[in-house]
Amino acid sequence: MAININKQNNKFNIRISENINDIRILRNTIEAWLEETHVDEFKIMCVNICLMEAVYNGFTHGYKGISKDKKILDITLEKSGSDLKMSIQDHGKKEWFKSYTFPPVQEYTSPPTHGIGLVLIKHLSKSLKVINSLQTGTKVQIVVSLK
Amino acid sequence: MGEKKSSKSSCIHGQIKKGILFIDIVENNGSIDIKNVHIITNMVNDAIKRNGKAVQIDCINIKFIDTSGLGKLLAISKKIEVILQNVNPKIKRIMDITNLSAFFTFIK
């Protein structure tokens, strides 16, 4: 299934399967959109890092044990004032993000082997909310300030 | 002169000289991400077998590094020194925010 991108006004609705090329298309599309609206380059990078991390997590954890062709994410991105609200929904029917605590930024004594994504989301976004449902899958909502 | 290896599909070139693996990523608005970081990892593992002591990656064309890319670079830094050349200041800023820059050497 090819990536399906639907844009109306300041909102994107996207359906994407686990295809690396489509994931790049997603990132490039969002980057181009934010560049057009003169969002600062650093903020664009923050958005894409958070978005990519949520996408990878959705595919990896939301569909663990499921074949690649059945993995679908529904993504929305919408500007709200000076914020960008993102929602990444899997339909994997697994409560993979039942609880989380943000690992603190710390003085590492050795390179961290995992948890980097959450650290990055914590420090690059305004908020993160996760809604778990065994019936409908997991929805990750991230707000990034564009100012 | 070290052996030169290239990955045509991702425009990643690597060459070992005096124990250092030099990697160039020849791609406008390129990235180190889930799609290509395995190529860098494979080149590094190959270099380590040949007693490579460090990897130097020219990031002049790198506009974006995702968490997969950053995670793999951190994993590589556990094995050998990772030298990042010409890193985009915004990427550096993100590494600084999260205290991850300590594991890399930055040069211009």
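For the structure itself, look to the data block above.
The rules behind these values
Residues numbered from 1 in each chain as written. Chains lettered and ligands numbered in written order. Predicted model: local features only at pLDDT ≥ 70, side-chain atom pairs only at ≥ 80, totals over all residues. Helix = DSSP H or I, 4+ residues; strand = E, 2+ residues; numbered from the N terminus. Buried ≥ 20, exposed ≤ 12 C-beta atoms within 10 Å, placed from the backbone. Contact = placed C-beta atoms within 7 Å. Core = buried A, V, L, I, M, F, W, Y, C linked by C-beta atoms within 7 Å. Nonpolar A, V, L, I, M, F, W, Y, C, P; charged D, E, K, R; others polar. Pairing = 2+ DSSP bridges. Axes fitted to C-alpha atoms, helices over the stretch in contact; angles between N-to-C directions.

Colleague: I'm lost on the overall build of chain B in this one. Help?
Modeller: A tally of regular secondary structure across chain B gives three helices and eight strands. Order of helices (α) and strands (β) in chain B, N terminus to C terminus: β-β-β-β-α-β-β-α-β-α-β. Of all 108 residues assigned to chain B, the portion counted as buried reaches 38%. Long-range contacts, defined here as pairs at least 24 residues apart, represent 69% of the contacts in chain B between residues at least 6 apart.

Colleague: Explanation requested: the nonpolar core in the structure shown.
Modeller: As a rule of thumb, soluble globular proteins bury nonpolar side chains together. Core analysis: the largest hydrophobic core is formed by 64 residues, its most contacted members being V47 and C50 of chain A together with I23 of chain B. Counting residues per element, this core draws most heavily on helix α2 (residues 41–62) of chain A, at eleven residues. If near-sequence neighbours (up to four positions away) are discounted, I23 of chain B is found in contact with I12, H13, G14, I40, M43, V55, Q56, I57 and D58 of chain B.

Colleague: Is there a simple way to explain unusual backbone geometry in this structure?
Modeller: Negative phi is the rule for most residues except glycine; trans is the rule for most peptide bonds. In this structure, H38 of chain A is a non-glycine residue whose phi angle is positive, near 60 degrees. Under the C-beta neighbour-count criterion, H38 of chain A is labelled exposed, with 7 such atoms within 10 Å. Phi at N51 of chain B takes a positive value of approximately 65 degrees, unusual for a residue other than glycine. Relative to the helices and strands, N51 of chain B is located in the loop between α1 (37–49) and β5 (54–58).

Colleague: In this structure, what is going on with the interface of chain B and chain A? I would like to understand it.
Modeller: Accessible area lost upon the coming together of the parts serves often as the stated size of an interface. Tallying the contact residues gives 20 residues for chain B and 22 residues for chain A. Those elements that place two or more of their residues in the side of chain B that touches chain A are α2 (67–77) and α3 (89–97) of chain B. Top element by residues in the side of chain B that touches chain A is α2 of chain B. It accounts for seven residues. Along the lines of polarity and charge, the residues of the side of chain B that touches chain A split into nine nonpolar, six polar and five charged.

Colleague: Which parts of the structure should I look at to understand the sheet that holds strand β2 (residues 11–17) of chain A?
Modeller: What holds strands together in a sheet is hydrogen bonding between their backbones, with the strands either parallel or antiparallel. Residues and elements named next belong to chain A. With antiparallel pairing, the six strands of this open sheet are ordered in space as β1-β2-β3-β4-β6-β5. Pairing within the sheet leaves two strands with one partner each, and these edge strands are β1 (4–8) and β5 (127–131). The mean angle between the axes of side-by-side strands here comes to 10 degrees, regardless of whether they run parallel or antiparallel. In the sheet, β5 pairs with strand β6 (residues 139–145) via five bridges, with the strands oriented antiparallel. Paired with V130 across the two strands is V140, which belongs to β6.

Colleague: I'm lost on the environment of K122 of chain A in this one. Help?
Modeller: Mapping K122 of chain A onto the fold places it in helix α3 (residues 116–124). Remark: the alpha-carbon pair of K122 of chain A and Q8 of chain A, spanning 114 residues in sequence, is separated by 29 Å.

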